[in-house]
Amino acid sequence: MKSTVLGVLILARNGDRTHFYQDPYSYEPKFTESTPLGAVESFQLGSYLKSTYLDSSSPLHIVDMPLDPTHPIPPSKVHVHAKAGGEGAAIFDASIALLQGMFPPTPLNKITLANGTTIMSPLGGYQYVPVEMVPDSGDSVLESWVDCATFKKHITKVYNSDEFKQKAKDAQHFFGSIHDYVFGLPTTMVNMASLLVHHVGTLVYDYLNTQLIHNQTFAYRLPPTLIEQARGYANYHEHAVFTDSDVNGIGNIAGRTILHPILRSLERIAFDDDPLRVLLIETSYQPFISLFKMMDVLNSRPDLAGIPNYASALSFELLRGPAPEFRDFVRIKFKNGTDGGFETLRVFGHEDDAIPVTEFIYRLEHVAIPDSKQWNSACGNNRWFPFDAVLSTATEQVSMVLILAALSLFAFVTFSVMAFIKHSMVKRAGQHEVLPHPGNYATFVNEKAGSLP
């Protein structure tokens, strides 16, 4: 069936970065930095996406996108959102590198001034694609598991489960094997996801993998099988934490929050006659794990139950079928790191490569978390004020005004009542004032007189 690609929604993971720390009981991330290798990986991913969806010779060229590869990309057709969490700017840097590969400099990115001078954008016509970010204190879409009370309880439940304890018991030999390669740091199954060092968590696998990439001495010493074993235990750990047996469960929160912009963008392109053609979300690995579970991908691809490689990409292609129906479908593809290309994933038990977009939305819209109010509800964050640091809807803004008005009225009434009570007490005290003993009368008069104006 020959189909037209109406648009694509890309979920991309960042490239290589330095050591990364996470608290094992809250998954609050700590600062890390992108590396030149990571920038190259993300740039290569961007170039691959360009050749797949933007080159005029590609069979998957997106409709209404410029056929001329040197033509600047219209800003209204591309929307980019980058995670800005506790890890710092590493993911934002990855998004910039990806965009450099996807939308490279073009000599046509220029203007002619009134005096006839032609000015080209710097760096040979560099294309400045806007990137949307939310401060780390308010991004309940791309870092929704942080500061989520219910998710913390979920993590504790995972650690206390019989399956997890058995896995930890089975891994004791492995922990003994890596002791000399983590320089005496404590090694437990909980720390397989996070290793407590001065109350700061770090991935055991991430530590080994980072050293293997950047430390030649370490790479020469590490036995070849240990990194694969570490990866296997890390995959088990992260899959247990970021999935749930119930599609509505809190373990899937990383996927449930990121679903809203995905579903909304599908609706915009398919039904709203919107100019949007490309949505790019640059994020960390957690949403991939949740989405694979929620879309029943693991039934046919159990190898994807774990951490995706650096610079991986999950693509949601919106396709329009041939006449006479012109029905719209969603085809989902995954590229695991820089090696190889996209592979089509079958979701929800479908044998076909694509699923009707209406069915896809119907199956997932009831589990998506669309705003901060529902995020607070799912996380059990019962705050007295029903709004976050960043208000996302007009309804929340109205609620804020009403609450502040009510507080002001309450404060005014309280002040008035207290002033009335104080005035009554003073008046009553004056009516019952008794003169002192006659011997002290003169002193009393002098004191009273001294207090008069």
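What comes next concerns the included structure. The structure displayed is predicted, hence computed values, not measured ones.

## Re the overall build of the protein chain
When helices and strands are counted, the protein chain shows 16 helices and nine strands. Residues counted as buried form 46% of the 453 residues belonging to the protein chain. Once local pairs closer than 6 in sequence are excluded, the contacts in the protein chain between residues at least 24 apart make up 69%. For the protein chain, the accessible area works out to roughly 23,000 Å², and carbon and sulfur atoms hold 58% of it.

## Some words on the nonpolar core
Membership of the largest hydrophobic core comes to 39 residues, with the highest contact counts inside it found for Y27, W145, F151, L208, F242 and I253. When contributions to this core are tallied by element, the ones reaching two or more residues are α4 (149-159), α6 (172-178), α8 (204-214), α10 (226-241), α11 (253-271) and α14 (372-379). Here this core takes eight residues from α10, the largest share from any one element. Beyond its immediate chain neighbours, meaning those up to four positions away, F242 contacts Y27, W145, F151, G251, N252, A254, Q286, I289 and S290. Judged by nonpolar contacts, the second largest core, of 38 residues, contains I262, V347, F348 and F360.

## A short note on α14
Along α14, the residues classified as buried are S372, W375, N376 and C379. Take α14 and look down its axis: the buried residues cluster within an arc of 100°, on one side only. Residues K373 and S377 are exposed on α14 and point more than 90 degrees away from its buried face. Between the side-chain oxygen at the start of α14 and the backbone nitrogen of K373 there is a gap of 3.3 Å, and the oxygen is on D371. Positive phi appears at G380, one or two residues downstream of α14, with a value of about 65°.

## Some details on the side chain of S95
Tracing the chain through its elements places S95 in helix α2 (residues 90-102). According to the relative accessible area criterion, S95 is buried, its value standing at 0%.

## Side note on the pattern of salt bridges
Side-chain pairs of opposite charge can arise whenever the charged atoms involved come near each other. Counting across every chain of the model gives 14 salt bridges. For K50, the salt bridge identified is with D55, shortest N-O distance 2.9 Å. Relative accessible area serves as the criterion here: at 17%, K50 is assigned to the buried category. For the salt bridge of R264 with E267, the shortest nitrogen-to-oxygen distance reads 3.7 Å. In this pair, R264 and E267 are both assigned in helix α11, three residues apart and thus about one turn of the helix distant. Look at the salt bridges and you will find they share partners, linking K83, E87 and E143 into a network.

## Some words on the environment of V78
Position of V78 relative to the elements: it lies in strand β2 (residues 78-82). Accessibility expressed as a relative area gives 12% for V78, which makes it buried. With 202 residues separating them in the primary sequence, V78 and L280 have C-alpha atoms 7.8 Å apart. Each residue touching V78, except ones within four places of it in the same chain, is listed here: M65, I73, F103, V129, L276 and V278.

## Things to note about the side chain of T106
The topology assignment puts T106 in the loop between α2 and β3 (110-112). Aside from chain neighbours lying at most four places away, what touches T106 is T70, H71, P72, G124, G125 and Q127.

## Points about the state of the cysteines
Applying the stated rule across the entire model yields one disulfide. Across the disulfide from C148 sits C379; the S-S distance is 2.1 Å. Of note, the bridge from C148 to C379 carries an S-S torsion of about -100° and is left-handed in sense. On the criterion of sequence distance, the pair formed by C148 in the loop between α3 (122-125) and α4 and C379 in helix α14 is long-range, its members being 231 residues apart. For C148, a relative accessible area of 0% translates into the label buried. On the accessibility criterion, C379 (0% relative accessible area) is buried.

Definitions and cut-offs
Residues numbered from 1 in each chain as written. Predicted model: local features only at pLDDT ≥ 70, side-chain atom pairs only at ≥ 80, totals over all residues. Heavy atoms only, no water. Helix = DSSP H or I, 4+ residues; strand = E, 2+ residues; numbered from the N terminus. Buried < 20%, exposed > 50% of the residue type's maximum accessible area, 1.4 Å probe, protein only. Contact = heavy atoms within 4.5 Å. Areas by Shrake-Rupley, 256 points an atom, 1.4 Å probe, with all protein chains shown as cover. Core = buried A, V, L, I, M, F, W, Y, C linked by side-chain atoms within 4.5 Å. Arc of directions from axis to C-beta. Polar contact = N/O pair within 3.5 Å; in protein donor to acceptor, adjacent residues only side chain to side chain. Salt bridge = Lys/Arg side-chain N within 4 Å of Asp/Glu carboxyl O. Disulfide = S-S within 2.5 Å.

Read these as layout, nothing more, since geometry by itself doesn't imply function.
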